[in-house]
Amino acid sequence: MKDILRVEDLIVDYVTRRGVARAVDRVSLTVGENRTLGLAGESGCGKSTLGRAIMRLVPYPGKIVDGRVFLDLDEDIPYENGVLKKGEVEITALDEEALRAVRGKEIAYIFQDPMTSLNPMLRIGDHFVQILQAHNPEMEKDEALERGKEVLESLGILPERIGDYPHQFSGGMRQRVMIGLSLVMRPRLLIADEPTTSLDVIVEAQILEEMAQLKEKFNLTMILITHNLGVLAQTADDIAVMYTGRICEVATTETLFEDPQHPYTQALLESVPDVTKPDKKLSWIPGAPPDLVEPLPGCMFHPRCPKAMDICKKKVPKLVQSNNGGVVACHLYGGA
Ligand code: SF4
């Protein structure tokens, strides 16, 4: 299986008045073609920043300070100043023009809140026209609208609604429109950041099902960012768990749910209800993640970890191969 995305030692900092907060701390990972990688963890663990950094869309005052991101292209991509050649390109080294050619066309991003991502003054059709003509200025408006209608129809939205404004749609329909806008350029990699967080559970289930169908139809590779492990159980092939900007554990979804290795992963799973185990006692993780402006030495989970040892307060554990076929960063498994 070919890797579409490769992230190497990525570091992202936010420079705040109080000091520097390292939101992504030397993250390395790969995403295989047609796989869905779930990024999981509590709020503030760096998963959204990592997703945005892959597209070089980290909001101010955030900055990629080190590391590299590579994307595999399956064809040459011409742009104003040249051609990006088929094969692996380094996203972190592209100039703005080349980056614009890759964004939307090769990698698309679905943001959390569709209402703030859609322009309330524009009809849905105008959003489609803007995106399509930005990548293909010769495309006629009518052709762009037809492409938009096709995508809307595949998401269960009547094509004639392309003339409506965002406020005329329900929350679930607006999120479908956002998914449609992200897919209209037929990207290879889709990064979906909490795409169903603001929706009720029934609409959430419908949209997740539709996304799974679209993934097949458009041959997509996906990164799905969510704090909801239940969502990942249904949709992800692999899961990477993050804590304080670092990767704790990566495994296939099945393995992670059946045989979690990292104490943080185990604690997260113990806090999720399971309808197949009505007697399961739910627990919570005591305390809160540390302040990233004042990072702790060693493993930053140590104040909350029931298995913490002396070494955990001194040394950062490295990712090592775990017994279940995944990788884990914990001194219990020799990560020193
Ligand atoms: S390294 Fe130590 S503190 Fe961190 S998760 Fe493992 S056992 Fe717990």
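Residues numbered from 1 in each chain as written. Predicted model: local features only at pLDDT ≥ 70, side-chain atom pairs only at ≥ 80, totals over all residues. Heavy atoms only, no water.

(A) Broad picture of unusual backbone geometry. For the bond from Tyr60 to Pro61, the omega torsion is 10 degrees, close enough to zero to count as cis. Structurally, the position occupied by Pro61 is in the loop between α1 (47–54) and β4 (62–73). Although it is not a glycine, Asp9 sits at a positive phi angle of roughly 50 degrees. Tracing the backbone shows Asp9 in strand β1 (residues 3–16). With a phi close to 45 degrees, Thr244 is a non-glycine residue in the positive phi region. Here Thr244 is to be found in the loop between β11 (238–243) and β12 (246–252). (Helix = DSSP H or I, 4+ residues; strand = E, 2+ residues; numbered from the N terminus.)

(B) Representation of the sheet that holds β1 in the model. With respect to topology, four strands assemble into an open sheet ordered β2-β1-β4-β7, the strand pairing being antiparallel. The sheet terminates laterally at β2 (19–32) and β7 (87–90), the two strands that pair on one side only. Each strand axis lies, on average, 10 degrees off the axis of its neighbour in the sheet, ignoring direction. Of the strand pairs in this sheet, β1 and β2 are connected by ten bridges, and their pairing is antiparallel. Bridge pairing in β2 places Tyr14 opposite Ala21. In this fold α1 packs onto β1, β2 and β4, with an angle of close to 115 degrees to the strand it touches most, β1. (Pairing = 2+ DSSP bridges. Axes fitted to C-alpha atoms, helices over the stretch in contact; angles between N-to-C directions. Contact = heavy atoms within 4.5 Å.)

(C) Representation of the site of the ligand. Around the ligand sit His262, Pro263, Cys299, Phe301, His302, Cys305, Lys307, Ala308, Cys312, Cys330, His331 and Leu332, and that is every residue in its neighbourhood. In this structure, the ligand is accommodated by the largest cavity. Here the residues of the shell around the ligand are counted per class, giving eight nonpolar, three polar and one charged. (Near = heavy atom within 4 Å. 1 Å grid on protein atoms, 1.4 Å probe; cavity = no way out; pocket = protein on both sides within 12 Å on 5 of 7 lines; lining within 4 Å. Sits in = over half its atoms within 2 Å of the grid points. Nonpolar A, V, L, I, M, F, W, Y, C, P; charged D, E, K, R; others polar.)

(D) Quick look at empty space enclosed by the protein. Going through the model one piece at a time under the given rule, you end up with one cavity of 30 Å³ or more. Considering only enclosed or pocket space, the largest cavity measures out at about 80 Å³ in volume. The wall of the largest cavity is formed by 13 residues, among which Cys299, Cys305, Cys312, Cys330 and His331 lie closest to the centre. Class assignment for the residues of the lining of the largest cavity results in ten nonpolar, two polar and one charged. (Points joined across faces, edges and corners; volume = space filled by probe spheres on them.)

(E) Structural view of the sheet that holds strand β13 (residues 319–321). Reading across the sheet, the eight strands line up as β8-β9-β10-β3-β11-β12-β14-β13 and stay open at both edges, with mixed pairing between neighbours. Strand pairing shows two members of the sheet lacking a second neighbour, β8 (107–110) and β13, which therefore form its edges. Ignoring which end each strand starts from, the neighbouring axes of this sheet average 20 degrees apart. One ladder, built from four bridges, connects strand β3 (residues 36–40) with β11; its direction is parallel.

(F) Structural context of a nonpolar patch on the surface. On the surface, Met309, Ile311 and Leu332 cluster together to form a nonpolar patch covering roughly 210 Å² of accessible area. Within the secondary structure, Leu332 is located in the segment after β14 (327–329). (Patch = residues over 30% accessible without salt bridge, like charges linked within 9 Å, V, L, I, M, F, W, Y side chains within 5 Å. Areas by Shrake-Rupley, 256 points an atom, 1.4 Å probe, with all protein chains shown as cover. Salt bridge = Lys/Arg side-chain N within 4 Å of Asp/Glu carboxyl O.)

(G) Structural detail: the pairing of β11. Burial of β11 is extensive: six of the six residues sit out of reach of the surface. Along β11, one buried face is formed by Asp238, Ala240 and Met242 and the opposite face, lined by Ile239, Val241 and Tyr243, is buried too. Direction of pairing for β11 relative to β12: antiparallel, over a ladder of six bridges. Counterpart to Ile239 in the pairing with β12 is Ala251. (Buried < 20%, exposed > 50% of the residue type's maximum accessible area, 1.4 Å probe, protein only.)

(H) Quick peek at the packing of aromatic side chains. Under the defined criterion, the tally for this structure stands at four aromatic pairs. Between Tyr264 and Phe301, the ring centres sit 5.1 Å apart and the planes meet at 65 degrees, which makes this aromatic pair edge-to-face. One end of the pair, Tyr264, is in helix α10 (residues 263–270); the other, Phe301, is in the loop between α10 and β13, and 37 residues separate them in sequence. Of the two residues, Tyr264 and Phe301, neither departs from the other in class, the shared state being buried. An aromatic cluster is present here, built from Tyr243, Tyr264 and Phe301 joined pairwise through their rings. The ring of Phe70 is capped by Arg6, whose NZ or CZ atom sits 4.2 Å from the centre of that ring. (Phe/Tyr/Trp six-rings, centres within 6.5 Å; stacked < 30°, edge-to-face > 60°. Lys NZ or Arg CZ within 6 Å of the ring centre and 35° of its normal.)

(I) Molecular detail of the packing of helix α6 (residues 171–183) against helix α7 (residues 201–217). Running from N to C, α6 and α7 cross one another at 15 degrees; their axes reach a closest spacing of 10 Å. Viewed along their axes, α6 and α7 adopt a mutual orientation that is roughly parallel. Both α6 and α7 take part in a crossing whose hand is right-handed. Contacts from Gly172, Gln175, Arg176, Ile179 and Leu183 of α6 reach α7 at Val203, Gln206, Ile207, Glu210, Met211 and Leu214. For the contact of α6 with α7, a count of residues per class yields six nonpolar, three polar and two charged. (Parallel < 35°, antiparallel > 145°, perpendicular 65-115°, else oblique. Left-handed = near helix turned anticlockwise from the far one by under 90°.)

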